[in-house]
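# Architecture at a glance
Each chain is listed here by its residues.
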Amino acid sequence: MTQISFLFVLEMLGTAAFAISGALAAARKGMDIFGFFVLALMPAVGGGTMRDVILDRHPVFWIDDVRYVAVALAAAVVVYFSFYRPGGRQRVLIWMDAMGLALFATLATRICLEFETGATVAVMLGVASAVTGGMIRDIICNEIPLILTREIYATAAFVSSVTFVALDYFGIDSRISLSLAVLAGFAVRGLSIVFDWTLPAAKPRS
Amino acid sequence: MTQISFLFVLEMLGTAAFAISGALAAARKGMDIFGFFVLALMPAVGGGTMRDVILDRHPVFWIDDVRYVAVALAAAVVVYFSFYRPGGRQRVLIWMDAMGLALFATLATRICLEFETGATVAVMLGVASAVTGGMIRDIICNEIPLILTREIYATAAFVSSVTFVALDYFGIDSRISLSLAVLAGFAVRGLSIVFDWTLPAAKPRS
Amino acid sequence: MTQISFLFVLEMLGTAAFAISGALAAARKGMDIFGFFVLALMPAVGGGTMRDVILDRHPVFWIDDVRYVAVALAAAVVVYFSFYRPGGRQRVLIWMDAMGLALFATLATRICLEFETGATVAVMLGVASAVTGGMIRDIICNEIPLILTREIYATAAFVSSVTFVALDYFGIDSRISLSLAVLAGFAVRGLSIVFDWTLPAAKPRS
C-alpha cells in the first residue's frame, strides 16, 4: 500500500510536470482554455498511452482512473490563470519537461520490467515513452523538439532507465531505486541545461 | 436497424469530409494520386484508429468493413479530378474539417460511453479522436495545425462531445441527441470561422 | 524453416536500412549517440509497431525478439562512427529509405494477408506501415517528409504491396513473390530518384 502510494505520487508529479509544459506551450501560442486542455493532455498521457498499447496493457492507465486526466486538466487551468513573465515561460517549460522526462523514463521502465520484457526492451520502451510525450507537444506546436537541441536529452532518459534496471536487478527496495533513478536522470538533464553540456556529436569528416 | 443506418450515414459523412480535407491538402502540395490516397486516409481513419486501439476495440473499425476505406479513396479520386479555383481550396478544407470535427467528436464520444469509460474520459477521448485526424494531416503537410489557429477549434469538439453526453444522460433518443450534438459543435466552429470568433487567450502579464 | 529464414533476412535488411536513414538524419542534426539511437529506432520499428497494434498482433514484433532492436542500434553505432562526406549523406538517406520502403511495404502486406484482412485493407495497411516510419523520422527532424516530395514515393509502396497481393493470389512460391514485390517497388522508387520521375499532380485549374 505504501509502495503503491509512493509510485502514485511519482506518477502524479510526472503527469503534472508534463501537463504544465504542454500548457506553457499553449500559452506561447495564445490558445484558448480548451486548447490548453488538449496541449496539456497530449504530453501528460501520450507517452504512457503508447507504452500501454504496445505492451497490450489494458485498459490504458487513465481510462479507469480519472485522476490522471484530472491532474492534467487542473495543471492546465492553473497555468491558464497564473501570472508569469513572458521571458520566463520557455525556461519553466524546459524544467518541467526535464522533471517529466526523468519521472516517466523511470516509471515506464518499471512497468516494462513488470511485464517481463527483458532489460534491453525495457530500456528502449522506457526511453521511448518518456521522450514521446514531449515530442508530440513540440511537433503539434511546430517547435523544434527538445530532443533535437544540442543539449543532453535522450541521454538523461537513458540514465534514469538504466539506473532503475541496475538497481532493480540487485534487488534494491523499489522506493530507493525509483528515487535514485529519477534523481540521476534529472541531474544529468538539469546539469546539461545549467552548464549547456553536450555530448560529442558525429561531425562531418571529409 | 434504422438507428444503425443513421449512425452509419453520420460515420460516412465524417469519413468523406475528413478525406476531402486531406485530399485538398495533398492538392495544395502538388502530390500524385497515391499521395492523395495516403493524405485522405490519414485524417479519415487516423483519429478513430487511435480511439479503437486505446479502447482495445478490435478489430479496428475499418479492418472488417471496407466501406470506410472505399469512401475515403473515392473522395480522394473526386478531389483529384475535380475542378477548383486555387483560392477556394483552403476555404473548402477548413469547412470540411469543421464537418469532420463535429461528426467525429460526437461519434467517438458515443462509442466511449458504450464502452462505459465514464463521462470525463468519454469527453476527453472523444475530443482527442476528433482533433487527431486533422492534426496528423496538417503535421504531415508541414502546415500550422488548425488547432493552433486563434479561431475556436478544440472548443467546438468539446461542445459536440459534452452536448451528446448530456442528452444521452437524459435518455434522449439517440438520433436526436446525435444530430443536436453534431449541429451544436458545427455551429460553434462555423460561427467562429465566419465571424472570426476567438475565446480569450492567456495573455502575457508583466 | 528456410522460408522463415528468408523472411527474417528481409526483415533485418528493412530494419537496418530504415535505422541507417534515421541515424543519418540524426547526424545531420548534430545529435549525440543516444539521439542516434532514438532517431534510428523510430523509423526502424515505428511503422511495424503501428501495424501490429492495429492488427492486435501481440506481443508487438520487437518485444520478444531483441534482434530487431539490436540491429537498429548497431546500425546507429556504425553510422555514428563511420566516415562520410557531408554532401553524400542526404543521398544515402534517400536510398536507404527507398530500400526500407519497398521491404516494409511487402512484408507488412504479407502479414496483413496472413491475418486475413482482405486485399484492400492489406494494401492500405501495408502502404501505411511502410510510409509511417519515414514520416515519423522526418517530422521529428522538422524536415519535409519524403512523401511530400514531387518524386514518386507512396506509389512505390503501392507497387510493392499490390505486386505481392497479386503473386500471392496466384499461389506463387513466397520467396519468389516476396523478392519480386520488393524489387518492383524498389525499381519504381529508384528510377524516380535517378530520373527525377513524377506522376501527374492535380494542377490548379481556373
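Residues numbered from 1 in each chain as written. Chains lettered and ligands numbered in written order. Predicted model: local features only at pLDDT ≥ 70, side-chain atom pairs only at ≥ 80, totals over all residues.

## Things to note about the overall build of chain A
Assigned secondary structure in chain A consists of 7 helices and 0 strands. For chain A, the α and β elements follow one another from N to C terminus as α-α-α-α-α-α-α. Here the C-alpha radius of gyration of chain A, 17 Å, is about what a compact globule of 206 residues would show, namely 17 Å. C-alpha extents for chain A along the principal axes are approximately 55 × 50 × 25 Å. Counting only residues that meet the buried cut, chain A has 59% of its 206 residues in that class. (Helix = DSSP H or I, 4+ residues; strand = E, 2+ residues; numbered from the N terminus. Rg over C-alpha atoms; globule rule 2.2 N^0.38 Å. Buried ≥ 20, exposed ≤ 12 C-beta atoms within 10 Å, placed from the backbone.)

## Some points on the packing of helix α2 (residues 33-55) of chain C against helix α4 (residues 88-114) of chain C
Residues and elements named next belong to chain C. At a minimum axis separation of 11 Å, α2 and α4 run at an interaxial angle of 15 degrees. Taken together, the axes of α2 and α4 are roughly parallel relative to one another. The handedness of the crossing between α2 and α4 comes out as right-handed. Between α2 and α4, the contacting residues are P43, G47, G48, R51 and L55 on the first element and G100, F104, A108, I111 and C112 on the second. Broken down by class, the residue content of the contact of α2 with α4 amounts to 6 nonpolar, 3 polar and 1 charged. (Axes fitted to C-alpha atoms, helices over the stretch in contact; angles between N-to-C directions. Parallel < 35°, antiparallel > 145°, perpendicular 65-115°, else oblique. Left-handed = near helix turned anticlockwise from the far one by under 90°. Contact = placed C-beta atoms within 7 Å. Nonpolar A, V, L, I, M, F, W, Y, C, P; charged D, E, K, R; others polar.)

## Observations concerning the confidence of the model for chain A
In this model, chain A carries an average pLDDT of 89, and 91% of its residues clear a pLDDT of 70 or more. In the predicted complex, the global pTM is 0.90; the interface-specific ipTM is 0.86. (pLDDT = per-residue confidence, 0-100.)

## Quick notes on the relation of the copies chain B and chain A
If you rotate chain B by 120 degrees and push it 0.0 Å along the axis, it lands on chain A with an RMSD of 0.0 Å. Put plainly, the chains are arranged around a three-fold axis. The fraction of interface residues of chain B whose copies in chain A are also interface residues is only 7%, indicating that the copies meet through different surfaces. (Least-squares fit on C-alpha atoms with pLDDT ≥ 70 in both.)

## Looking at the relation of the copies chain C and chain A
Least-squares fitting of chain C to chain A yields an RMSD of 0.0 Å, with the transformation described by 0.0 Å of translation along the axis and a rotation of 120 degrees. The residues that chain C uses at the interface reappear at the interface of chain A in only 7% of cases, marking distinct surfaces.

## A closer look at unusual backbone geometry
The omega torsion across H58 of chain A and P59 of chain A is -5 degrees, close enough to zero to call that bond cis. Counting through the fold element by element, P59 of chain A comes out in the loop between α2 (33-55) and α3 (67-81). The phi dihedral of E116 of chain B falls on the positive side, at around 55 degrees, and the residue is not glycine. Of note, E116 of chain B is situated in the loop between α4 (88-114) and α5 (119-140).

## Description of the interface of chain C and chain A
Contacts between chain C and chain A engage 27 residues on the former and 29 residues on the latter. When contributions to the side of chain C that touches chain A are tallied by element, the ones reaching two or more residues are α2, α3 (67-81) and α5 (119-140) of chain C. The leading source of residues in the side of chain C that touches chain A is α2 of chain C, at 8 residues. Broken down by class, the residue content of the side of chain C that touches chain A amounts to 19 nonpolar, 5 polar and 3 charged.

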